[in-house]
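# Fold and geometry: a report
Residue-level listing of the chains:
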Amino acid sequence: MISSRRIVLVGATGMLGSAFRSAIGQNDLVCLSHGELDIRQPGAIRTRVAELHPNILLNCAADTDVEGAEAAPSRAFEANALLPDLLAQACRDVGTKLVQFSSTGCYGDHKQGPYDDYDALRPTTVHHRAKAAGEAAVREAGCDHLILRLGWLFGGAPGQRKNFVWARIVEARAKPEIASDPHQTGNPTHVDDVVKQTFRLLDAELSGTFNCVATGAVTRFDYVAHIVALAGLPTRLIPRRFERRAPVSPNEAATNIKLDLLNLNVMPSWKDSLGQYVRSMLSGDERS
Ligand SMILES: NC(=O)c1ccc[n+]([C@@H]2O[C@H](COP(=O)([O-])OP(=O)(O)OC[C@H]3O[C@@H](n4cnc5c(N)ncnc54)[C@H](OP(=O)(O)O)[C@@H]3O)[C@@H](O)[C@H]2O)c1
């Protein structure tokens, strides 16, 4: 069982990392902070992982600024390609299993309809090129690994940085109408569901690369419309294509074909997860 293993968590302050930190007992967990992981000191990273000698290293660290990466590629490649590369080498040396998180945005824009795990990666942005390079580095390092390609993540407390869902509720409470993009498609995916799916795969002792998204794809417009409706707000939604510096593929939707074939897919529908999440945030909001 996952609970009896020594686990190192990287990126514990982020949206997904916080969900893992809450789910794992403190006794089994060591968190390595951003400040402890300087890619210019690869020997120190290797030594630290060797000292801790975990069974599993969960790497939730990433530079997730997709727009900023176009102007500052080195930051994106440091966090998304080089850091996983060095962690993978360190894991290989001590026999630790590395869990790396990637993105369905790496598939790019070469298919109508959702991408499955066997589609080629043809990233269209600097961010997604860096994420795809991180995946490749993990595979090449030769450590035991799980790579999970995730969809549009949501979750965390209302105050969590980057809380897309709560930010839309706050925006819809303040304005009579808000704009959203009807041309962008993806799978809104709750971080807690990613945690459960990761544990399921670790318990099954599986390795390899998998899509790991909530069931069902939706446009950004319909996603936001759903959030506003769940919050019971009268705000009108305006379809609008946003100007973006990053040429993000309009299609980031995916299906978990490999997990389905293995009968290991525990990812619920995005609608069910989003409904539960919004209701729990709103009831917490009423209590406070
Ligand atoms: N968010 C999404 O919609 C989405 C979609 C698809 C895939 N993913 C993937 O899911 C994973 C988790 O994403 P997230 O949204 O939870 O990320 P996040 O909230 O932006 O958190 C990123 C974490 O990485 C740490 N970090 C950033 N740069 C670092 C570096 N150079 N060295 C060490 N630590 C660094 C941050 O620490 P500090 O705060 O201390 O800097 C933070 O803990 C990532 O692999 C991401 O690519 C996310």
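Quick note: structure is the one above.
The helix and strand tally for the protein chain stands at ten helices and twelve strands. Relative to the globule expectation of 19 Å for 288 residues, the C-alpha radius of gyration of the protein chain, 19 Å, shows essentially globular dimensions. For the C-alpha atoms alone, the extent of the protein chain along its principal axes is close to 55 × 45 × 40 Å. Here the protein chain holds 288 residues, and 52% of them are scored as buried. In the protein chain, the proportion of contacts linking residues at least 24 apart, taken out of those at least 6 apart, comes to 82%. Carbon together with sulfur atoms contributes 50% to the accessible area of the protein chain, which is approximately 12,900 Å² in total. Positive and negative side-chain charges in the protein chain, numbering 32 and 32 respectively, have mean positions lying 2 Å apart.

Attention now goes to the pattern of salt bridges. Pairing between side chains becomes possible if they bear opposite charge and their charged atoms approach one another. Within the structure shown, the criterion is met by 18 salt bridges. Residues Arg 46 and Asp 93 are paired through a salt bridge, measuring 3.0 Å at the closest nitrogen-oxygen approach. Here Asp 93 lies in helix H4 (residues 73–94) and Arg 46 lies in helix H2 (residues 42–52), a separation of 47 residues in the sequence. The class for Asp 93 is partly exposed, based on a relative accessible area of 44%. Note that Asp 63 is salt-bridged to Arg 75, the shortest N-O span being 2.6 Å.

Near the ligand lie 22 residues; those nearest to it are Thr 13, Leu 16, His 34, Thr 64 and Lys 162. Note that an oxygen atom of the ligand is positioned 2.8 Å from one of the backbone N or O atoms of Leu 16. A distance of 2.7 Å separates an oxygen atom of the ligand from a polar side-chain atom of His 34. Alone, the ligand offers 910 Å² of accessible surface; in the complex the protein occludes 83% of this.

Three or more residues of H2 are buried, namely Ile 45, Val 49 and Leu 52. Down the axis, H2 shows its buried residues gathered within 70° of arc, on one side only. In this structure, the buried side of H2 is in contact with strand S1 (7–10), strand S2 (29–32), strand S3 (56–59) and H4. At the C-terminal side of H2, His 53 shows a positive phi close to 40°.

The rules behind each value
Residues numbered from 1 in each chain as written. Predicted model: local features only at pLDDT ≥ 70, side-chain atom pairs only at ≥ 80, totals over all residues. Heavy atoms only, no water. Helix = DSSP H or I, 4+ residues; strand = E, 2+ residues; numbered from the N terminus. Rg over C-alpha atoms; globule rule 2.2 N^0.38 Å. Buried < 20%, exposed > 50% of the residue type's maximum accessible area, 1.4 Å probe, protein only. Contact = heavy atoms within 4.5 Å. Areas by Shrake-Rupley, 256 points an atom, 1.4 Å probe, with all protein chains shown as cover. Lys, Arg positive; Asp, Glu negative; His and termini not counted. Charge placed at Lys NZ, Arg CZ, Asp CG, Glu CD. Salt bridge = Lys/Arg side-chain N within 4 Å of Asp/Glu carboxyl O. Near = heavy atom within 4 Å. Polar contact = N/O pair within 3.5 Å; in protein donor to acceptor, adjacent residues only side chain to side chain. Arc of directions from axis to C-beta.

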